[in-house]
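# Coordinates in review
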Amino acid sequence: MDEVTFKSDTVLSDVHLYTPNQRHLMVRLNGMGQPVFLSQFKLLWSRDSWTHSGTEDSGPRDVSAQETSPARSESSRSHEDLSLQAGDGITIQEGLNVPLDEDGDLDVVRRPRAASDPNPAEPARDKVHPMILVQEEDDLLGDEEQESCPHSIIKIEHTMATPLEDVGKQVWRGALLLADYILFRRDLFQGCTALELGAGTGLASIVAATMAHTVYCTDVGTDLLTMCQRNVALNSHLAATGDGVIKVKELDWLKDDLCTDPKVPFSWSEEDINDMYDNTTVLFAAEVFYDDDLTDALFNTLSRLVHRLKNACTAILSVEKRFNFTLRHLDVTCEAYDHFRASLDSLEKLADGGLRFMVEPVEASFPQLLIYERIRQLELWKIRVEPTAPVTSDVTS
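What counts, and at which threshold
- Sequence order as written defines residue numbering, which begins from 1 separately in each chain.
- For this predicted model, a pLDDT threshold of at least 70 governs which residues receive local features, and a threshold of 80 or more governs which side-chain atom pairs are given and counted, while totals over whole chains, interfaces and linings are taken from all residues.
- The side-chain figures draw on all heavy atoms in the structure; neither hydrogens nor water molecules are used.
- UniProt positions are given in the numbering used here, feature names are shortened, and annotations may be inferred rather than shown by experiment.
- Starting at the N terminus, helices and strands are each numbered in turn, a helix being any DSSP run of H or I of at least four residues and a strand any DSSP run of E of at least two.
- Burial classes follow relative accessibility: with a 1.4 Å probe on protein chains only, a residue under 20% of its type's maximum area counts as buried, one over 50% as exposed, and anything between as partly exposed.
- In this analysis, two residues are considered to be in contact whenever any of their non-hydrogen atoms come within 4.5 Å of each other.
- Where accessible areas are quoted, they stem from the Shrake-Rupley method and a 1.4 Å probe; at the residue level, only the protein chains shown are allowed to cover.
- A strand pair is defined by DSSP finding two or more bridges across the two strands.
- Axis lines are fitted to C-alpha atoms, over the contacting stretch for helices. Their N-to-C directions set the angle, which ranges from 0 to 180 degrees.
- Salt bridges, as used here, are contacts in which a Lys or Arg side-chain nitrogen is within 4 Å of a carboxyl oxygen on Asp or Glu.
- Here a Phe, Tyr or Trp ring, Trp counted by its six-membered ring, pairs with any other such ring whose centre lies within 6.5 Å, and the pair is stacked when the planes are under 30 degrees apart, edge-to-face when over 60, and tilted otherwise.
- Nonpolar core, defined: a set of buried Ala, Val, Leu, Ile, Met, Phe, Trp, Tyr and Cys residues in which side-chain atoms within 4.5 Å join the residues together.
- Crossover handedness is defined here as right-handed if the route from the first strand over the helix to the second strand goes clockwise, with the strands pointing away from the viewer.
- To estimate how far a helix should reach, multiply one less than its number of residues by 1.5 Å.
- The arc in question is traced by the directions running from the helix axis to the C-beta atoms.
- For this analysis, a polar contact is any N or O atom pair within 3.5 Å, provided that within protein one partner can donate a hydrogen and the other can accept it, and provided that sequence-adjacent residues contribute only side-chain to side-chain pairs.
- Here the word oblique covers every angle except those under 35 degrees (roughly parallel), over 145 (roughly antiparallel) and from 65 to 115 (roughly perpendicular).
- By definition, any crossing whose near helix is turned counterclockwise from its far helix by less than a right angle is left-handed, and any crossing with a clockwise turn is right-handed.
- When residue character is reported, Ala, Val, Leu, Ile, Met, Phe, Trp, Tyr, Cys and Pro are called nonpolar, Asp, Glu, Lys and Arg charged, and the others, Gly included, polar.

By the naming in an unreviewed UniProt entry, the chain is Methyltransferase-like protein 22, taken from Mesocricetus auratus. According to the UniProt record, the Catalytic activity (unreviewed entry) comment for the chain is "L-lysyl-[protein] + 3 S-adenosyl-L-methionine = N(6),N(6),N(6)-trimethyl-L-lysyl-[protein] + 3 S-adenosyl-L-homocysteine + 3 H(+)".

Laid out in structure tokens, this is it:
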């Protein structure tokens, strides 16, 4: 693999670009022949914070995310000089050496001239290519650090660029925002049964399992669900901290019924179906609102599920408002987001089936516990689903 080629229909997540100078470790090719990379998200808090039922004031001290890399020591030193302050973003500590020019301005190191320059002023920048590991080496990666703080590491296998239909194999900022909120709202997830729709790599489900009793991590596609199951296995030590269980299942939004065929991978057993409908109180989804048809299917599935649940529930939805220039409008628009908001409005006005849907935005002022750019286009929406009060009429004789 000498060069990475992106086709016109390639969709690229920018999460991994926050560590551009590190070597990304390619661990395998998936069933579609796509390169799969291993990233490591580090939570810098004590083990007691994982097991504590928690209040809003007992959150973690400091969290950073970093890619797994042979040159970990240099990366770790740079991350140690960063501290996350709730609501204030990332601040640089006083000990960090900032290069300044003679006028006191920031001295920016420029990219060297092309390597074809016969007399370059300085050595040309080396190309950075993925490093391919054999399968057995996965478990050896970062063993020393994982032994010292096993409850502070989340390992995620993911792709970096895919066609639109495979975007669930990437890690998106909306999933990190949702993970932040899950960690912040431990009171909501503690000991509950939860269901994630469109789980993708399973990152949010893995975080939820540190507090929840059971998490049904659902999506569609054997290759994607297999990747998700691998991520669950890589992070089994986290779920075990709170006796949480993650069950990876297929849930196709375009079908009314759950797959119960035991010959189909990731199908549902009758026991799991009964448990899901009897005990689920939280549903969540991140970054699944990029296609109008799929958005409609998601809301239809959400409505169908909550009408079958035996308990009142809360749904948490994460979305990024993306702007695109369209030839149809000859202007910058955000059609996918507009359709999402219209679907929320329609859901709130839905008055049949004995349920009412109360929709409200969640202010993103909770602590940022993972390193990503929390841009203002990232949004969280909460939907509380409760039975409608029975209508009574006064009868006078």
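Turning to the overall build of the chain, a few remarks are in order. The secondary structure content of the chain amounts to eleven helices and 18 strands. Counting across all 397 residues of the chain, residues that qualify as buried make up 47%. In the chain, of all internal contacts separated by at least 6 residues, the share reaching a separation of at least 24 is 71%. Carbon together with sulfur atoms contributes 49% to the accessible area of the chain, which is approximately 21,200 Å² in total.

Here we come to the sheet that holds strand β14 (residues 313–320). Pairing is mixed in the open sheet, where seven strands are placed in the order β12-β11-β10-β13-β14-β18-β17. The open sheet has two free edges, formed respectively by β12 (245–250) and β17 (355–362), since each of these has just one partner strand. When the angles between neighbouring strand axes are averaged without regard to direction, this sheet yields 20 degrees. Alignment of strand β11 (residues 214–219) against β12, held across six bridges, turns out to be parallel. When the bridges of β12 are listed, C217 appears paired with V248. Lying over the sheet, helix α9 (residues 270–279) contacts β10 (193–196), β11, β12 and β13 (280–286), oriented at roughly 95 degrees with respect to β13. Helix-sheet contacts for helix α11 (residues 335–349) involve β14, β17 and β18 (378–387), and the interaxial angle to β18 is about 15 degrees.

Moving on, we get to the pattern of salt bridges. Evaluation of the coordinates by the stated rule reveals 17 salt bridges. The closest approach of N and O atoms between D223 and K169, which form a salt bridge, is 2.8 Å. Of this pair, D223 sits in helix α7 (residues 222–234) while K169 sits in the loop between β9 (161–163) and α4 (173–184); the two residues are 54 residues apart in sequence, bridging distant segments of the chain. Classification of D223 by relative accessible area gives partly exposed; the value is 21%. Close ionic contact of D187 with R185 constitutes a salt bridge, the shortest N to O distance being 2.9 Å. The exposure class assigned to D187 is partly exposed, which follows from its relative accessible area of 48%. Its relative accessible area of 17% is what places R185 among the buried residues.

This brings us to the packing of aromatic side chains. Following the criterion strictly, the structure yields eight aromatic pairs and no others. Arranged with centres 6.0 Å apart and planes meeting at 70 degrees, the rings of F189 and F284 form a pair that is edge-to-face. You can see F189 sitting in helix α5 (residues 186–189) and its partner F284 sitting in strand β13, a full 95 residues away along the chain. The same class applies to F189 as to F284, namely buried. With 6.0 Å between their ring centres and 35 degrees between their planes, F289 and F299 make a pair best called tilted.

Here we come to the nonpolar core. Residues I182, F189 and F284 are the most contacted members of the largest nonpolar core, which totals 48 residues. Among the elements that make up this core, the one with the highest residue count is α4 (eight residues). Apart from residues no more than four positions distant in its own chain, F189 is found in contact with I182, A208, M211, A212, V282 and F284. Core analysis: the second largest hydrophobic core is formed by 36 residues, W253, M276, V306 and L317 among them.

Moving on to the pairing of β13. Of all the seven residues making up β13, six are buried; the element is thus mostly covered by neighbouring parts of the structure. Inspection of the sheet shows β10 paired to β13 by four bridges, in the parallel sense. Counterpart to L195 in the pairing with β13 is L283. Bridge count between β13 and β14: five bridges; the pairing is parallel. Residue pairing across strands places F284 opposite I316, the latter belonging to β14. Taking the sense of rotation as the criterion, the β-α-β connection linking β13, helix α10 (residues 292–308) and β14 turns out right-handed.

Moving on, we get to α7. Under the 1.5 Å per step criterion, the end-to-end length of α7 is 18 Å for 13 residues, consistent within 8% with the ideal 18 Å. Within the sequence span of α7, burial applies to L224, L225, M227, C228, N231 and V232. Seen end-on, α7 carries its buried residues on one side only, within an arc spanning 155 degrees.

Summarising the element assignment, V288 is placed in the loop between β13 and α10. Sequence separation between V288 and F340 is 52 residues, and the spatial gap between their C-alpha atoms is 9.9 Å. The contact partners of V288, leaving out residues within four places of it in the chain, are L197, G198, W253, T295 and L298.

Turning next to the side chain of R28. Mapped onto the fold, R28 is located in strand β2 (residues 25–29). Within polar-contact distance, the side chain of R28 engages the side chain of E157 at 3.0 Å.

Put simply, α10 and α11 touch, their axes get as near as 10 Å, and they point 25 degrees apart. Between α10 and α11, the crossing angle belongs to the class labelled roughly parallel. For the pair α10 and α11, the crossing hand works out as right-handed. Across the interface between the two elements, D292, T295, D296, F299 and L302 from α10 touch E335, A336, H339, F340, S343, L344 and L347 from α11. In terms of residue class, the contact of α10 with α11 is made up of six nonpolar, three polar and three charged.

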